[in-house]
Amino acid sequence: MEELILPVSVVMQMKIAESGNLYLMGVSATVPTNIYKFTNGKWENLTNYGVPGVAKEEMVEPEVVTYPSFDGTEIEAMFFKAKPENDNGHVILWPHGGPQAAERQTFRALFQFLIYQGYSIFTPNFRGSTGYGLKFTKVIEGDWGYGPRLDNVEGLEWLIKKGYADRDKILLMGGSYGGYMALLLHGRHAEYFKAVVDIFGVSNLFSFVETVPEHWKPMMKQWVGDPEKDKEKFTEDSPITYLDSMTKPMLVIQGAKDPRVVKAESDQIVEALQKQGTKVEYLVLDDEGHGFRKRKMKLKSMNECSNFLNNTYKTTQLLNRGWFFMSECLIF
């Protein structure tokens, strides 16, 4: 047996060819996906895919941390600390999507774009995340809005106690289930946040389970619950229940052709917030689905996010040449 030092943080695939050569496909927080070959005791990058115009040194690797949650459960998280010369003092809480997934040390252009502008990013792998055992992953089934929500809240308290975040300089952003969690945290814990970005998030569990793709519907009762038998729980865990508490500025981004979290989920929360007078901006990308694929739309959504966040505390101009160049390079 021989121990190999890997050239990446996350291994996506590994193959041994008939020739005996070892090939690996993997990714890191500051290096996009590449294919490597192990030759003469060294890894050779066969694809050499990087970020044109942005040096690896300009980007940030995360620190992996752990903290105790409300019931003593240990939660692992990644903390991307902005470089001191760029740091604007604000921390973004990013609940990941899935929910049965995990935030890993993979390349996220949006993260590096925002970190480059001075934001730190904290992303917990709350209960329900994968990679920590089947029991930990399945505990979220039927409990989308209690345990995972409090895991995120405890993460914020841990940041504050450690001196990593100021209580009045925390922002919130998430997509898909992370968008749902952003809405729910806004509704139930608005006091923590200066502003909130929801990217195609679920706003109403009752309408969500009725509008998911047909092949998803058989698993909804196990995954989320029964809207009739669990009516009280659905109501308690639906962000739209807490409209009155959603008082902070919001940006909502939605793909018009999203088959998983349909546009009506964002429409109803935006309409309700506008009706009650909450400041909310709404960006609908007409030819996008669940996750944005087109380069032009990625650029637009990234710059809308950064523009919104910066305008929240009015520090600097966002769409200047440097920031726009950085965003273009990161998703090239």
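Every value quoted in this text rests on a predicted model; they were computed, and no experiment measured them.

**Considerations on empty space enclosed by the protein**
Working step 1: In the structure shown here, the tally under the stated rule is one cavity of 30 Å³ or more.
Working step 2: Space inside the largest cavity adds up to approximately 30 Å³.
Working step 3: Along the walls of the largest cavity sit G142, D143, W144, L205, V224, K233, F234 and D237, which together make up its complete lining.
Working step 4: In terms of residues, the lining of the largest cavity owes the most to one element, helix α7 (residues 231-237), which gives three residues.
Working step 5: Considering only residue class, the lining of the largest cavity consists of four nonpolar, one polar and three charged.

**Notes on the layout of surface pockets**
Working step 1: Estimates place the volume of the largest pocket at around 1,000 Å³.
Working step 2: For the largest pocket, the lining is made up of 41 residues, of which W94, R108, F200, G291 and F292 are closest to its centre.
Working step 3: At the level of elements, α1 (109-116) and α9 (295-313) are the ones that each hand at least two residues to the lining of the largest pocket.
Working step 4: The leading source of residues in the lining of the largest pocket is α9, at four residues.
Working step 5: Taken together, the residues that form the lining of the largest pocket break down as 26 nonpolar, nine polar and six charged.
Working step 6: The computed volume of the second largest pocket comes to approximately 190 Å³.
Working step 7: When residues of the lining of the second largest pocket are assigned to their parent elements, the largest contribution, three residues, is made by strand β6 (residues 74-80).
Working step 8: In terms of residue class, the lining of the second largest pocket is built from six nonpolar, five polar and three charged.

**Considerations on unusual backbone geometry**
Working step 1: The omega angle of the peptide bond from G98 to P99 is 0°, so this bond is cis rather than trans.
Working step 2: Within the fold, P99 resides in the loop between β7 (91-93) and α1.
Working step 3: Although it is not a glycine, N48 adopts a positive phi angle of roughly 50°.
Working step 4: Looking at the element boundaries, N48 is found in the loop between β4 (42-45) and β5 (63-68).
Working step 5: Judged by its relative accessible area of 59%, N48 falls in the exposed class.
Working step 6: Phi at S176 takes a positive value of approximately 65°, unusual for a residue other than glycine.
Working step 7: Note on placement: S176 falls in the loop between β9 (170-175) and α4 (177-188).
Working step 8: By relative accessible area, which is 15% here, S176 ends up buried.

Reading the values: rules and limits
Residues numbered from 1 in each chain as written. Predicted model: local features only at pLDDT ≥ 70, side-chain atom pairs only at ≥ 80, totals over all residues. Heavy atoms only, no water. 1 Å grid on protein atoms, 1.4 Å probe; cavity = no way out; pocket = protein on both sides within 12 Å on 5 of 7 lines; lining within 4 Å. Points joined across faces, edges and corners; volume = space filled by probe spheres on them. Helix = DSSP H or I, 4+ residues; strand = E, 2+ residues; numbered from the N terminus. Nonpolar A, V, L, I, M, F, W, Y, C, P; charged D, E, K, R; others polar. Buried < 20%, exposed > 50% of the residue type's maximum accessible area, 1.4 Å probe, protein only.

So yeah, pure geometry; function would need other evidence.
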